[in-house]
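# Breakdown of the fold
Residues per chain are reported as follows:
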Amino acid sequence: MAKAVRYHRQGGPEVLQLDEVAVGDPAEGQARVRHTAIGVNFVDSYQRSGLYPMALPAVAGNEGAGVVDAVGRGVKNLKPGDRVAYTGLPGSYCEARLVPAARLVKLPKGVSEAQAASMFLKGMTVHYLIFRTYKVKRGETVLWHAAAGGVGLIACQWLRKLGVKVI
């Protein structure tokens, strides 16, 4: 059993409660992750409020990092003890959970689990904005609104590193 922050009905933060949930062993293609850090994102409140409907009861959160403690059959790229992170998987506000192994990214030395859990989604957002939405080139000027937010802070640093003038 593991502790999880769940909600059994839509609403504000008052609907969150600490429950015990069964985690179980990983099935084929899965890994069990013991969380050491979770990300908190605005989308979590949309899901909890019902703006983005979720099957209930639901475990809050969408982003986490931790240590693999077991892998299912067929998982070749991960082993117990690997430090990993993921995003875009509802249910991260918990001590441990099962995750599709293909959705986990190994963390390199120098990146803490807390750093990964807090910026994985934000970093992916910046990546698609500056490399896919518009491929920013060295020497260009970019006007970035809301530069003090999580995405903005990462974007401004990344753009500067690429040789882009940021306003």
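Relevant structure appears above.
Residues numbered from 1 in each chain as written. Predicted model: local features only at pLDDT ≥ 70, side-chain atom pairs only at ≥ 80, totals over all residues. Heavy atoms only, no water.

### Some remarks on the sheet that holds strand E4 (residues 58-59)
- The sheet built from 3 strands is open, its strands ordered E2-E1-E4 with antiparallel pairing. Of all the strands in the sheet, the pair left with one neighbour each is strand E2 (16-21) and E4.
- Taken together, the 2 bridges between strand E1 (residues 2-7) and E4 define a ladder with antiparallel strand orientation. Residue pairing in the sheet places Tyr 7 in a bridge with Ala 58 of E4. (Pairing = 2+ DSSP bridges. Helix = DSSP H or I, 4+ residues; strand = E, 2+ residues; numbered from the N terminus.)

### Some remarks on the packing of aromatic side chains
- One pass over the structure, following the stated rule, counts 3 aromatic pairs.
- For the ring pair Phe 42 and Tyr 46, a centre distance of 5.1 Å and an interplane angle of 85° mean the geometry is edge-to-face. Of this pair, Phe 42 and Tyr 46 both sit in helix H1 (residues 42-49), 4 residues apart, which is roughly one turn of the helix.
- Overall, the relative accessible area of 29% leaves Tyr 46 in the partly exposed class.
- Note on Tyr 46 and Tyr 52: the rings are 5.1 Å apart at their centroids and 65° apart in plane angle, and the pair reads as edge-to-face.
- By way of ring pairs, the aromatic residues Phe 42, Tyr 46 and Tyr 52 are connected into one cluster. (Phe/Tyr/Trp six-rings, centres within 6.5 Å; stacked < 30°, edge-to-face > 60°. Buried < 20%, exposed > 50% of the residue type's maximum accessible area, 1.4 Å probe, protein only.)

### Describing the pattern of salt bridges
- Applying the stated criterion across every chain, the model contains 9 salt bridges.
- With its nearest N and O atoms 2.6 Å apart, the salt bridge here joins Arg 34 to Asp 69. Here the residue Arg 34 occupies a position in strand E3 (residues 30-38), and Asp 69 occupies one in strand E5 (residues 63-71), the gap between them amounting to 35 residues.
- Sharing partners across several salt bridges, the network here consists of Asp 25, Arg 32, Arg 34 and Asp 69. (Salt bridge = Lys/Arg side-chain N within 4 Å of Asp/Glu carboxyl O.)

### Some remarks on unusual backbone geometry
- For the bond from Leu 56 to Pro 57, the omega torsion is -5°, close enough to zero to count as cis.
- Looking at where Pro 57 falls in the secondary structure, it is placed in the loop between H1 and E4.
- Positive phi outside glycine occurs at Ala 146, with the angle close to 60°.
- With respect to the element layout, Ala 146 can be found in the loop between strand E9 (141-142) and helix H3 (150-161).

### Details of the sheet that holds E5
- Strand order in the open sheet formed by 5 strands is E7-E3-E5-E6-E8, with antiparallel pairing between adjacent strands. If you trace the sheet from one side to the other, it starts and ends with strand E7 (96-100) and strand E8 (105-106), each paired once.
- Here E3 pairs with E5 via 7 bridges, running antiparallel. Residue Ile 38 lies in a different strand from E5, and its bridge partner there is Gly 64.

Function cannot be read off these values alone, since they describe shape.
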